[in-house]
Structures are given as C-alpha cells and as structure tokens.
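# Observations on chain architecture
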Amino acid sequence: MPQHDPSGDNPDLTTGPLPAETPPSAETPPPVPVPAPGTDPDEALAVPSGKFGTPGRPLRRNSFLIGFTGGLGVLLAYTLYLGIRNAGGILVLVVIALFLAVGLNPAVVRLRRWGVPHGLAVAAVALTVVLLLCGGVWALVPPIVTQSGQFIDQIPNLLAELRRSPTVSDLMERYDVVERVQGAANADTVGRALGGVLGGAQLIFGTVFRTLTVLVLTIYFLAYFNKLRSLGYSLVPRSRRERVQLIGDEILAKVGAYMVGALSIAVLAGATTFVFALIVDLPYPFALAVVVAVTDLIPQIGATLGAVIVSLVGFATDLRAGIACAVFFLIYQQVENYLIYPKVMRRSVEVNEVAALLAALLGVALLGVVGALIAIPTVAALQLILREVVLPRQETR
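Let me begin by describing the structure that accompanies this report. (Residues numbered from 1 in each chain as written. Predicted model: local features only at pLDDT ≥ 70, side-chain atom pairs only at ≥ 80, totals over all residues. Heavy atoms only, no water.)

Moving on, we get to the overall build of the protein chain. Each helix and strand counted, the protein chain has 15 helices and zero strands in total. Here the protein chain, with 397 residues, has 25% of them falling under the buried criterion. If you take every contact in the protein chain between residues at least 6 apart in sequence, the share linking residues at least 24 apart comes to 61%. Counting only carbon and sulfur atoms, one obtains 68% of the accessible surface of the protein chain, whose full area is about 28,400 Å². (Helix = DSSP H or I, 4+ residues; strand = E, 2+ residues; numbered from the N terminus. Buried < 20%, exposed > 50% of the residue type's maximum accessible area, 1.4 Å probe, protein only. Contact = heavy atoms within 4.5 Å. Areas by Shrake-Rupley, 256 points an atom, 1.4 Å probe, with all protein chains shown as cover.)

With that settled, the discussion passes to the environment of Ala271. Looking at where Ala271 falls in the secondary structure, it is placed in helix H10 (residues 238-280). For Ala271 and Val290, which are 19 residues apart along the polypeptide, the C-alpha to C-alpha distance reads 8.8 Å.

For the rest of this paragraph, the subject is empty space enclosed by the protein. Gaps between atoms show up when a probe of the same size as a water molecule is rolled over them. As enumerated under the stated definition, the model contains one cavity of 30 Å³ or more in all. The volume enclosed by the largest cavity comes to roughly 50 Å³. For the lining of the largest cavity, the element with the highest residue contribution is helix H13 (residues 319-346), accounting for four residues. Across the lining of the largest cavity, the residue classes tally to five nonpolar, three polar and two charged. (1 Å grid on protein atoms, 1.4 Å probe; cavity = no way out; pocket = protein on both sides within 12 Å on 5 of 7 lines; lining within 4 Å. Points joined across faces, edges and corners; volume = space filled by probe spheres on them. Nonpolar A, V, L, I, M, F, W, Y, C, P; charged D, E, K, R; others polar.)

Bringing the packing of aromatic side chains into the picture now. Aromatic rings considered in pairs are described by the distance between their centres and by the relative angle of their planes. Scanning the model with the defined rule gives six aromatic pairs in all. With a centroid separation of 6.3 Å and an interplanar angle of 35°, the aromatic rings of Tyr78 and Tyr81 are classed as tilted. On the criterion of helical spacing, the pair formed by Tyr78 and Tyr81 is a turn pair, its members being three residues apart in helix H2 (residues 63-86). The exposure class assigned to Tyr81 is partly exposed, which follows from its relative accessible area of 45%. Here Trp138 and Phe286 contribute two aromatic rings whose centre-to-centre distance is 6.3 Å and whose plane-to-plane angle is 55°, an arrangement assigned as tilted. Of the two residues, Trp138 sits in helix H4 (residues 118-163) while Phe286 sits in helix H11 (residues 285-295), which places them 148 residues apart along the sequence. The class for Trp138 is exposed, based on a relative accessible area of 63%. (Phe/Tyr/Trp six-rings, centres within 6.5 Å; stacked < 30°, edge-to-face > 60°.)

Positioned with a positive phi, Asp281 is a non-glycine residue whose angle comes to about 65°. Within the fold, Asp281 resides in the loop between H10 and H11. A positive phi is found at Tyr284, a non-glycine position, where the angle reads about 55°. Along the chain, the position of Tyr284 falls in the loop between H10 and H11.

Moving on, we get to the pattern of salt bridges. Scanning the entire structure with this criterion turns up three salt bridges. The closest approach of N and O atoms between Asp249 and Arg229, which form a salt bridge, is 3.8 Å. Placement of Asp249 in helix H10 and of Arg229 in helix H9 (residues 225-234) is noted, with a sequence separation of 20 residues between them. Given the relative accessible area of 27%, Asp249 is considered partly exposed. Here Glu388 ties to Arg387 by a salt bridge, and the two come within 3.8 Å at their closest N and O atoms. For Arg387, a relative accessible area of 47% translates into the label partly exposed. (Salt bridge = Lys/Arg side-chain N within 4 Å of Asp/Glu carboxyl O.)

A few words on the packing of helix H3 (residues 88-113) against H10. In contact at an axis separation of 8 Å, H3 and H10 are set at 85° when each is read in the N-to-C sense. Compared by their axis directions, H3 and H10 come out roughly perpendicular. Counting all contacts with H3, which are made through Phe99, Leu100, Val102, Gly103 and Pro106, the residues of H10 involved are Leu252, Val255, Gly256, Tyr258, Met259 and Val260. Taken together, the residues of the contact of H3 with H10 sort by class into nine nonpolar, two polar and no charged. (Axes fitted to C-alpha atoms, helices over the stretch in contact; angles between N-to-C directions. Parallel < 35°, antiparallel > 145°, perpendicular 65-115°, else oblique.)

Spanning 16 residues, helix H12 (residues 302-317) covers 23 Å between terminal C-alpha atoms, matching the ideal 22 Å at 1.5 Å per step. Looking only at H12, the buried set comprises Gly302, Ala303, Gly306, Ala307, Val310, Ser311 and Gly314. Angularly, the buried residues of H12 cover 160° about the axis, an arc narrow enough to put them on a single face. When the buried face of H12 is taken as reference, the exposed residues oriented beyond 90 degrees from it are Leu312 and Ala316. (Expected span 1.5 Å × (residues − 1). Arc of directions from axis to C-beta.)

Looking now at a positive patch on the surface. On the surface, Arg240, Arg243, Arg393 and Arg397 cluster together into a patch of positive charge. Looking at the element boundaries, Arg393 is found in helix H15 (residues 369-395). (Patch = residues over 30% accessible without salt bridge, like charges linked within 9 Å, V, L, I, M, F, W, Y side chains within 5 Å. Lys, Arg positive; Asp, Glu negative; His and termini not counted. Charge placed at Lys NZ, Arg CZ, Asp CG, Glu CD.)

Here is the structure:
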C-alpha cells in the first residue's frame, strides 16, 4: 500500500528551502506626506515627515514631571519679564515705529495704485518724512539757542530793574535772590545740572540715536509691511484665519485713517498759526507753527499746550500780542474741537469721547507722550474686537 505523505496535504509541513525573508522596513524609503486637497503645497505640513525617525510615545504624566514643567514655566516667565523690563526703551521705539509704519502705509498703497513700484513708493514716503523732520529741526533749534543766549545775557539787566523797586529790593536782599539767580545762571551750575559735558553730549547723542532708530525701523516696517502682516496671520489656526484677517485689516485701516486725520488736523493748526503769527508780527513764526503742529498731535491736551506756549511768547513780545494770541487760540480751539475734529475723525475712527479721554490719560500715565499718541487707535481696535468677537460670544452662552 502506498504511504501517504502528510506534507502533500499540509503546505506548512513542506520540506525544502524556506523563502527568503523580506528586508527590514528600515531599508524602505520613509513615507512622504501628501498635502490634503485644496491646500497650498508650499505650506509646511502639520505632520511628521519621517525623515528624522518615528516619534516615540508621549511621556507619562507624573507628579515630578508636572512640578518640573511648572517650575520651568515660572522660570521662563520671570526671565521674559526681566528681558522686557531691561529692553523697555527699545520696545517703546519699536512700538512707535510700528505705529508710524501703519499710519504711513496708506500713502504707500496709494502710490502703488498710481503705478509706482513698491520700493520707489517706500523711498518716496521715507524721504518725505525725513524732509519734514529736518525742517522741524531747522525751525526749532536756532530760535531755542538764540533765545536762550539772549535770556542769559539779559538776566543782569532784569535784576537791576527789579532792584529799583523798594519792596522787591528788600525781598531780594532778605532772601539773597541775586546770588541765587546768578548762581543758577552760571555756566558751571548748568553744566553740573546736565551732568557735565559728557552728560550733555550723552543727552544729545541719545536723542539723535533714538530718532534715527525709529526712522530706520519705520522704513523697514514699511518695506516689509505685507510680509509681516502675512506672517502674523499665518500664526493663527486655519479655521479662524479668515475672520482674524478681516478684523485685523479693519484695525490696521482704522489706525491708518486716524494717523492721516490727525496729521491733517495738525498741519491745518500749524498753517493757521503761521499766518496768525505773521499778522501779529510774532518772532520766529515758522518755529511757533511747528510747535503747534507737533503738540496738536497729542490728543486732548496737545492743542492747549501749544496755545499756552505761543501765548507766552506773545506776552513776552508785547501785551497786546499776548492778548491777541489768547483770544485767537480760544476761538480756534472751539472751531477745531466742535467742527474740524469730529468731521475728520467721524470718517476714520468712531470712539466715544469719554473713552478717548480716559485712554489718553492712561496712555500718558503708562508711556508718556507715546501712550497719548496711540491711545485713541488702541481704543478703536478694542471697540471693534468687543463688538465683533466678545459681545457675540457672550450672547451665545
């Protein structure tokens, strides 16, 4: 009887050489992630590429790991606080440059619409800013130096006229006013007050350095404005990016419109002051016009500050000129506050008057003049976020 071969029925028991094993998976090329349909293939994918190996399992949560991570977080937060505190001056300059870039960007956009290349448009706007800055320095520095020298030279004559009065002479002798005033007007005293020659040079070069830093940063921000804006929006999750972009563009538009409106009002105030100073025959009319235009950029208190400065110059020149200055600015401020300012700002930003006043006061307390300048556009941005994001979310809860 033939023998039954069990290996014929069961292929697992077949004798003979076994098939070669497949090579390990490490030799196979790593999988290449394929972007989802509708996405930009140039964007970085949010999946591992496999080029640097397979990610391991997440670490187990335990009390030691949680405490260590929390300690590192506290240390990192404190280090960040120290860094911000030490770099506070530079950060203020960066904020000023960003604010100026956002305000000047509409001018670049307008030139682009007229067919001007982007680089040439940025150069034209930057050159205009530099010329305005040089014109302001040329108008302010010579009168300040001249008037300061004349005032110091006239101190002995003023003291001599005051001593002719018996009452004033008695008070001056009793309290040694002459010696104190002469000591205060001494060059050595002024030098010590400024910290010596080195301190005065440091003050001058520090101011020049800060001005040039703001100017250079503003030009860079203008040149790369669109790239910086796109980079900021790319940090937002894709599901919310469109809405954030629409709100962000509206905020930037409001800030730019506010800057254009504020500059227009300031230029109008300066031009009006220049014409008035020529009529009244005040000294250095262009310098006074520049002072009024610059101070008028400060919300709420800037116009009053400029009016006080010009009025003091008017009273120092002639009593009738001082009275004319006081009356002129009293009338002009009413026209500006109730006619010009609301009509110009109504088209750019809609900010409540109480909110604008509180924002200006808080801005001055926190960042000085810089805080006052950015107060109103900041309030406009916060109002837009409250109206479009916070309040609708509260209504759905």
